[in-house]
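What the coordinates show
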Amino acid sequence: MTLILEQLLNGLLYGITLFLLAAGLTLIFGIMGLINLAHGSLYMVGAFVGAWVASQTGSFWLGLPAALAGAMLAGFAIELGVMRRLYARDHLDQVLATFALILIFNELTVLLFGREPMFVELPASIATPIELLPGLVYPPFRLLIIAAGLGVALGLYFLINRTRIGMLVRAGSTNRDMVRALGVDIRLLYTMIFGLGALLAGLAGFMTSPVLAVQVGMGEQILLATFVVVVIGGVGSIKGAFVAGILLGIVDTCLRAFLPGVLREIMAGPEADALGVGIASMGIYLMMGIVLLFRPQGLFQAGG
Amino acid sequence: MRQHLIFIAAAIVCLSVLPLVAEATGQLALVGLTSRIMIYAIAAASLNFILGYGGMVSFGHAAFFGIGNYVVGILYFHHAEGVPLWGFIPGSNQLLITLPTAVLVAGFAALVIGSLALRTRGVQFIMITLAFAQMLYFFFVSLKTYGGEDGVIVRGANDLFALSLRDKTAMYYVILVVMVLFFAFLWRVVHSSFGTVLSGIRQNERRMTAMGISSYRYKLYGFVLAGMGAGLAGALMAVFMRFASPDTLHWTKSGELLIMVILGGVGTFFGPILGAAAFLILQTYLAAWTEHWQLAMGLILLGIVLGTKGGAKGLFDSIARKLRTEPR
Amino acid sequence: MNTILAIDDLVKRFAGLTATDHVSLNVATGHIHALIGPNGAGKSTLINLLCGELIPNEGRITLLGEDITACPAAERMKRGLARTFQITNLLNDFTVQQNISLAVQARQGNNFRILDTARGRVSILTEVDELLAASRLEPRRDVVAGNLSSGERKQLELMMALAGRPKLLLLDEPMAGLGRLESQQMIETLRGLRGKVSMLLIEHDMEAVYALADRISVLVYGRVILTGTADDIRASDEVRDAYLGLEDELC
């Protein structure tokens, strides 16, 4: 039972990460009609900058603002240098240009930090597991991530539903031309949204850096899962990104944790492990297929 | 048209004598490079068929390339082990069996994936094709029997009747013949009734619906044909490399195929050959020059997309226009 | 008199807005039935419901005695419906001749063949030549559709719709964007089709409506407020208040 609870918490953690990435991606698509493959690179930038600053200064917490600033600056640079020219282009050009950005970011990271993974040392105060329930010990840092992620989700909810920018975002995701017609400085709005997306990606990157290895290619791995979240949640919908992100995070984590064990009941150990991991890796994609069968537009419509 | 045919004939003659020239001048690597270019040209042309003629931006085309690759690998594995697959499908190392099997299996996979993915359009379609391809990547990686992440080694290559295709020159000619046949077939398809309808759907799907064409079925048919083409290329690649690898399904491979199509010009018939050649030559020379060749490749690609209106096709068009308007 | 198209109690709601509000309408075989109404009355919604681009919330659409309410769009076209678009919708990379060919090809079928040649289908080519010879677009046959004038585009729209040999033609503002002479020519063309094909004509140009229509229905805020002859419409106070009052320029 405690094992299940622990995996549920791990799933929630992964789900929060997916949500932070998917929220930015879905906003950028919803408002600007842009498909950004390089979103995972911003996640990687956040992780690397944060890990590097933390290791140089010896202070984990100094890594956080550095990660956020690094990802946001990278986001602004991409937006001003590349994305601006792509808004009016078709998806194919966007895919290729952002694919090129991935290659560039990955190689630049290799040049700067090398190919070896970096590991982040956590302060003992949040690294030492505490007992949540009798028998359930869990590192407080992970709880902190979950809390922070939920906080961000709440903040986004208010931003979207209670502010003028949010109003434009909602209007823009259903009717892009209308926002243009409102006389808003579209360029500024786009840059801000892109920066916000980059910030969230950088946050996700920094938050997961103590849990996962910080290495080149980490962005693409999670980018694909993020795409699945965006598609299942409904392209352009923040609410969808949240629901689908949490759902997929939990499903994926639980499949990986429990499926090999279940399969071992009916077949030999090593084969069960291999098959279990294989099916678990495919789990979220299969879910996407099932959702598409019934709701080709995803669970939620844009604007929510 | 006549000019076209003369040009094609000349190109085929050049490709036919290339191994002899390479041997005479000691440039043996050229044969291998050209073989790979021809294989990728088939895969890129099949992608161009749905992308350039059908308007479907698939970011998961490597899935079918990889399936063709693995079919050859798996059939060879069971041939070498002498154990039938699932107890009743015997293995094979005969090219005339493995190639058609690869094409059929890839076509079936395209039918399944396409029937789901084509329920969406635009950016969802891009993401979904990408995700399904990645799912198959994980599937093959999890098959420990077939090497997992390491893939299957096809030690003995395949045989064409009694001819062993371990011989690179023999394989070169097999690839050349298959490529010529493939492009001849593709030419027919593009200019057929179906090809015309598909082109109409790319230009204006709503109009085609208003003419009584249910676009879904046509797009799916095109998607399956393209999957079969990629499967063919993947199968050839497995025989040529004597290796079936999960890397052939990796999403970056789908990206590379897209780049080839763009470099050659979207929707141009022979473009994918030029695109595959440009990409592989560039890659080969950049990789020889620096281990960070991906940085250079990324910058070049970005420059092409941003520096021209409408990607590389725009680049070629504007160069062509400039050449035409220049005073003689 | 035979009814070719029967619309019964059709309702279409968008979030909070009823765009089509219990519309009932019959188009008699052979008639040109005009549908008029101010902007935002729901004319385009209605035509999209008839074509199958939208699915109604309630009600029934019957074409030639068969219920087509849930029929997919492409299937309706095969059952004898054809439409033109308000904003022309052509295959812009193809020439005039290729546009019409594809429309004929779509009707003739056999379109999953991958080893024939589309240009080798003689029956299509002859039919296209005949259609072109009888039209004003003959001299423009090899011009790419994207380069046509707006009047020519409207003509091509109509020819492509007719190439499907429909029983009922849905015309979404065929006069919109046309000059005076072009409008006259379009009226002539449509008049020439009278009796060969029934039409539901959505149009703002009242001159054209009065010149062509056997029956006229007035749509206001998603509801049909009156169906009658041109004289009935002219005489109706209700129409004047509800519709003409809103758009004086149409009087």
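Description of the structure in this document. (Residues numbered from 1 in each chain as written. Chains lettered and ligands numbered in written order. Predicted model: local features only at pLDDT ≥ 70, side-chain atom pairs only at ≥ 80, totals over all residues.)

**Observations concerning the nonpolar core**
Here is the rule: By definition, a nonpolar core groups buried Ala, Val, Leu, Ile, Met, Phe, Trp, Tyr and Cys residues that are joined through C-beta atoms within 7 Å. Working definition of burial: number of other C-beta atoms within 10 Å of the residue's own, with buried at 20 or more, exposed at 12 or fewer, and partly exposed in between, all C-beta atoms being placed from the backbone. An automatic or database domain assignment provides the domain bounds reported here. Placing a C-beta atom from the backbone of each residue, one calls two residues in contact when those atoms lie within 7 Å.
By size, the foremost hydrophobic cluster in this structure holds 272 residues, and its most contacted members are Leu96 and Val228 of chain A together with Ala131 and Val239 of chain B. Here this core spans two domains, and each of domain 1 (35-264 + 271-289) and domain 2 (290-328) of chain B adds at least three residues to it. Those residues in contact with Ala131 of chain B, other than ones at most four positions away along the chain, are Leu224, Phe227, Val228, Tyr285 and Met288 of chain A.

**With respect to the sheet that holds strand 2 (residues 17-28) of chain C**
All names here are of chain C. Heads up, the rule is: Strand pairing follows a simple DSSP-based rule, namely that at least 2 bridges must link the two strands. Under the DSSP-based scheme used, a helix requires at least four consecutive residues in state H or I and a strand at least two consecutive residues in state E, with every element numbered from the N terminus. For helices, the fitted axis covers only the stretch in contact; all axes are lines through C-alpha atoms, and the angles between them, taken along N-to-C directions, range from 0 to 180 degrees.
Strand order across the open sheet formed by four strands is 2-1-4-5, with antiparallel pairing between neighbours. Two strands bound the open sheet, and with one partner strand each, they are strand 2 and strand 5 (66-67). Inspection of the sheet shows strand 4 (residues 58-63) paired to strand 5 by two bridges, in the antiparallel sense. Looking across to strand 5, one finds that Leu63 is bridged to Glu66. With respect to the sheet, helix 1 (residues 43-51) is in contact with strand 1 (3-14), strand 2 and strand 4, its orientation differing from that of strand 2 by roughly 65 degrees.

**Considerations on the sheet that holds strand 9 (residues 215-220) of chain C**
Residue and element names in this part refer to chain C. With mixed pairing, the six strands of this open sheet are ordered in space as 6-7-8-3-9-10. A single partner strand is all that each edge strand has here, and the edge strands are strand 6 (81-84) and strand 10 (223-228). Each strand axis lies, on average, 20 degrees off the axis of its neighbour in the sheet, ignoring direction. One ladder, built from five bridges, connects strand 9 with strand 10; its direction is antiparallel. Looking at strand 10, one finds that Leu219 is bridged to Val224. Where helix 5 (residues 150-163) meets the sheet, it contacts strand 6 and strand 7 (168-172), and its direction lies at approximately 175 degrees from that of strand 6.

**Overview of unusual backbone geometry**
In terms of backbone geometry, most residues other than glycine have negative phi values and most peptide bonds are trans. Residue and element names in this part refer to chain C. Phi is positive for Leu64, close to 50 degrees, though the residue is something other than glycine. Mapped onto the elements of the fold, Leu64 is located in the loop between strand 4 and strand 5. Phi is positive for Tyr221, which is not a glycine, with a value near 45 degrees. Accessibility expressed as a C-beta count within 10 Å gives 15 for Tyr221, which makes it partly exposed.

These figures capture arrangement, not role.
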